[in-house]
Amino acid sequence: MRVFVAGASGAIGTRLVPQLVDRGHEVIGTFRSPGHAERVRALGAQPIALDLLDAGAVRRAVLETEAEAMVHQATALGDVRFFRNFDRTFAPTNRLRTEGTDALLAAAREAGVRRFVAQSFASYRHAREGGPVKTEDDPLDPTPVTTTRESNAAMRHLEAAVTDAGGVALRYGLFYGAANDGLIEPVRKRQLPIIGRGGGISSFIHLDDAAAATVLAVEGDAAGIYNVVDDEPAPAREWLPVLADALGAKPPRRFPRWLARLVAGDAAVVMGTEARGASNAKAKRELGWEPRYPSWREGFVAAYASAAPAERRTPEPAARAQSPSRL
Ligand SMILES: NC(=O)c1ccc[n+]([C@@H]2O[C@H](COP(=O)([O-])OP(=O)(O)OC[C@H]3O[C@@H](n4cnc5c(N)ncnc54)[C@H](OP(=O)(O)O)[C@@H]3O)[C@@H](O)[C@H]2O)c1
């Protein structure tokens, strides 16, 4: 198939393009930042510079490339650091999820594109009631924290527009597995505390597993919303210390709710104390997908073994024999 990947140079795009190429697909990959053409070409795709917020340019690019399938992986989270006002930080991404999605869908419709798959997000969105793990049929939070309302609305817009058009919205877990993972720096700097009893649940996904599920969604005939998360949604009190250890960082601090609210804001408190996780049963059943890293427990270790400071890593047997500490 000829597959048009919007956002081919990003965290998930760079994992997805090689997997599509390996499966025999011809890939057209878009990038935004000057200089990213080579990155996309090296992955095996035909690079195209494209701003998704320029609907005319999107239409021209899509019509010219005559793609049969389209994947929307464009976000604008590259420079995001530890944040307090969620919606302000996500504003450019929210535009890509609303205006960008609409422009791609309109162009896809005109060009006769048969498959449309788009990136959404699974964690921190469900109604904060009932059991800890939610399916795609469970209700989303009707009253999200004020500073996250626009971001929640943008994801709802994307999911409604894509599924109304017969496409697939993939609600990925929190990505990990790359050198620019958003959690690495805050965990190293101990900026992510365990809040209260640390009961807020997160769902994770290794980038390679997210890409593999996306390939299956492109190739199959499924439609609708799918959670693409690992098998072990987990409370912050469990995953944060394991991530800190995998990164060779000091254990996370512990903050009471009132202090966390003061320092990090309401959204962080809700995520850390009340959030629900997501189930991947539907993606396994209907996409035929199985994660290579079923749990972040082994995934963090595999992803960050080389990122931990040298003295924390297990030395090779030969090196161990000569290690000064053993002499
Ligand atoms: N589910 C999750 O947890 C999740 C989801 C997304 C991102 N993240 C995290 O956010 C961080 C950065 O992610 P990222 O590397 O994917 O970077 P990013 O800056 O969010 O870029 C993603 C892709 O969108 C493209 N893009 C940005 N603005 C665009 C626009 N106006 N029009 C068209 N395309 C546009 C980028 O192109 P250029 O590369 O050419 O700029 C890139 O290909 C990583 O830590 C990642 O793990 C997490």
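Anyway, here's the lowdown on the structure attached to this text. Quick caveat, the model's predicted, so the values are computed rather than measured.

One pass over the structure, following the stated rule, counts 20 salt bridges. The partner of Arg 297 in a salt bridge is Glu 238, and the shortest N-O contact between them spans 3.0 Å. Here Glu 238 lies in helix α8 (residues 236-246) and Arg 297 lies in helix α12 (residues 296-304), a separation of 59 residues in the sequence. With a closest N to O distance of 3.9 Å, Lys 284 and Glu 290 form a salt bridge. Of the residues examined, Lys 284 reaches a relative accessible area of 24% and is grouped as partly exposed.

A rise of 1.5 Å per residue sets the reference length of helix α4 (residues 86-111), with its 26 residues, at 38 Å; its end C-alpha atoms lie 35 Å apart and thus fit the reference within 8%. Its maximal kink placed at Pro 92, α4 deviates by approximately 50°. Two or three places before Asp 87, at the start of α4, stands the capping residue Asn 85, its side-chain oxygen 3.2 Å from that residue's backbone nitrogen.

Moving on, we get to the site of the ligand. Every one of the 27 residues lining the ligand counts as a neighbour, but Ser 9, Arg 32, Ser 33, Thr 75 and Asn 180 are closest to it. Here an oxygen atom of the ligand and a side-chain polar atom of Thr 75 are 2.6 Å apart. One of the backbone nitrogen or oxygen atoms of Asn 180 is found 2.6 Å away from an oxygen atom of the ligand. Broken down by secondary-structure element, the contributors of at least two residues to the shell around the ligand are β5 (115-121) and β8 (174-176). Across the shell around the ligand, the residue classes break down as 12 nonpolar, 12 polar and three charged.

To continue, consider the packing of α8 against α12. Interhelical geometry of α8 versus α12 gives an angle of 20° and a closest axis separation of 9 Å. With respect to α12, the element α8 is oriented roughly parallel. The two elements α8 and α12 meet at a crossing, and its hand is right-handed. From α8, Glu 238, Trp 239, Val 242, Leu 243 and Ala 246 reach across to α12, where they touch Trp 296, Arg 297, Phe 300, Val 301 and Tyr 304. Across the contact of α8 with α12, the residue classes break down as eight nonpolar, no polar and two charged.

Moving on, we get to unusual backbone geometry. With a phi angle near 50°, Glu 66 is a residue other than glycine that sits in the positive phi range. Within the element layout of this structure, Glu 66 appears in the loop between α3 (55-65) and β4 (69-72). We classify Glu 66 as exposed; its relative accessible area is 60%.

On to the packing of helix α1 (residues 13-22) against helix α7 (residues 207-219), then. Contact geometry of α1 with α7 gives a least axis separation of 9 Å together with a crossing angle of 50°. Classed by the angle they form, the pair α1 and α7 counts as oblique. Along this stretch, α1 crosses α7, giving a crossing that reads as right-handed. Contacts from Arg 15, Leu 16, Gln 19 and Leu 20 in α1 reach Leu 207, Asp 208, Ala 211, Ala 212, Thr 214 and Val 215 in α7. A class-by-class count of the residues in the contact of α1 with α7 yields six nonpolar, two polar and two charged.

What follows is about the packing of aromatic side chains. Geometrically, a pair of aromatic rings is defined through the distance of the ring centres and the angle of the planes. According to the stated counting rule, one finds nine aromatic pairs in the structure shown. Note on Phe 204 and Trp 239: the rings are 4.9 Å apart at their centroids and 75° apart in plane angle, and the pair reads as edge-to-face. Here Phe 204 is found in strand β11 (residues 204-206), whereas its partner Trp 239 is found in helix α8, with 35 residues between them in sequence. Here the two residues Phe 204 and Trp 239 agree in accessibility, since each one is buried. Linked through ring pairs, Tyr 176, Phe 204, Trp 239, Trp 296, Phe 300 and Tyr 304 together constitute an aromatic cluster. Positioned above the aromatic ring of Tyr 226, the side-chain terminus of Lys 282 is 4.4 Å from the ring centre.

Here we come to the nonpolar core. Core analysis: the biggest nonpolar cluster contains 32 residues, and Val 5, Leu 170 and Leu 287 have the highest contact counts within it. It is α7 that contributes the most residues to this core, seven residues altogether. For Leu 170, the contacting residues outside a window of four places in its chain are Val 117, Ala 118, Gln 119, Ser 120, Phe 121, Thr 214, Ala 217, Tyr 226, Val 228 and Leu 287.

Of all the residues in α3, the buried ones are Ala 57, Val 58, Ala 61, Val 62 and Thr 65. The buried side chains of α3 occupy one side of the element, clustering within an arc of 125° when seen end-on. Where the residues of α3 are buried, they touch β1 (2-6), β2 (26-31), β3 (46-49), β4 and α4. Following α3 by one or two positions, Glu 66 adopts a phi angle in the positive range, close to 50°.

Thresholds, definitions, all that
Within each chain, residues carry numbers counting from 1 in the order of the written sequence. Predicted model: local features are reported for residues with pLDDT of at least 70 only, side-chain atom pairs are reported and counted for 80 or more only, and whole-chain, interface and lining totals are derived from all residues. The basis for every side-chain value is the complete set of heavy atoms in the structure, and neither hydrogens nor water enter the calculation. Salt bridge, as applied in this entry: a Lys or Arg side-chain nitrogen positioned within 4 Å of an Asp or Glu carboxyl oxygen. Secondary structure elements are taken from DSSP: a helix is a run of H or I of four residues or more, a strand is a run of E of two residues or more, and numbering for both begins at the N terminus. Only protein chains enter the accessibility calculation, which uses a 1.4 Å probe; a residue whose area is less than 20% of its type maximum is buried, one above 50% is exposed, and one in between is partly exposed. The length a helix should cover is 1.5 Å for every residue beyond the first. Consider a residue and the seven residues that end there alongside the seven that start there; fitting an axis to each set, the bend is the angle between those axes. Pairing of N or O atoms within 3.5 Å defines a polar contact, subject to two protein rules: one partner must be a possible hydrogen donor and the other a possible acceptor, and residues neighboring in sequence count only if both atoms are side-chain atoms. When at least one non-hydrogen atom of a residue lies within 4 Å of a molecule or strand, that residue is treated as near it. For this scheme, ten residues count as nonpolar: Ala, Val, Leu, Ile, Met, Phe, Trp, Tyr, Cys and Pro. Four count as charged, namely Asp, Glu, Lys and Arg, and the remainder, Gly too, count as polar. Here an angle of 0 to 180 degrees is reported between the N-to-C directions of two axes, which are lines fitted to C-alpha atoms, with helices fitted over the stretch in contact. Angles are sorted into four bins: roughly parallel if under 35 degrees, roughly antiparallel if over 145, roughly perpendicular if 65 to 115, and oblique for all others. When the near helix sits turned anticlockwise from the far one by under a right angle, the crossing is termed left-handed; a clockwise turn instead gives a right-handed crossing. In what follows, a contact means two residues having at least one pair of non-hydrogen atoms within 4.5 Å. Ring pairs are drawn from Phe, Tyr and Trp, using the six-membered ring of Trp, whenever the two centres fall within 6.5 Å, and their geometry is named by plane angle: stacked under 30 degrees, edge-to-face over 60, tilted for the rest. For a lysine, the NZ atom is tested; for an arginine, the CZ atom; a charge sits over a ring if that atom is within 6 Å of the ring centre and within 35 degrees of the ring normal. Definition of nonpolar core: a set of buried residues of the types Ala, Val, Leu, Ile, Met, Phe, Trp, Tyr and Cys, connected through side-chain atoms within 4.5 Å. By construction, the arc corresponds to the directions joining the helix axis to the C-beta atoms.

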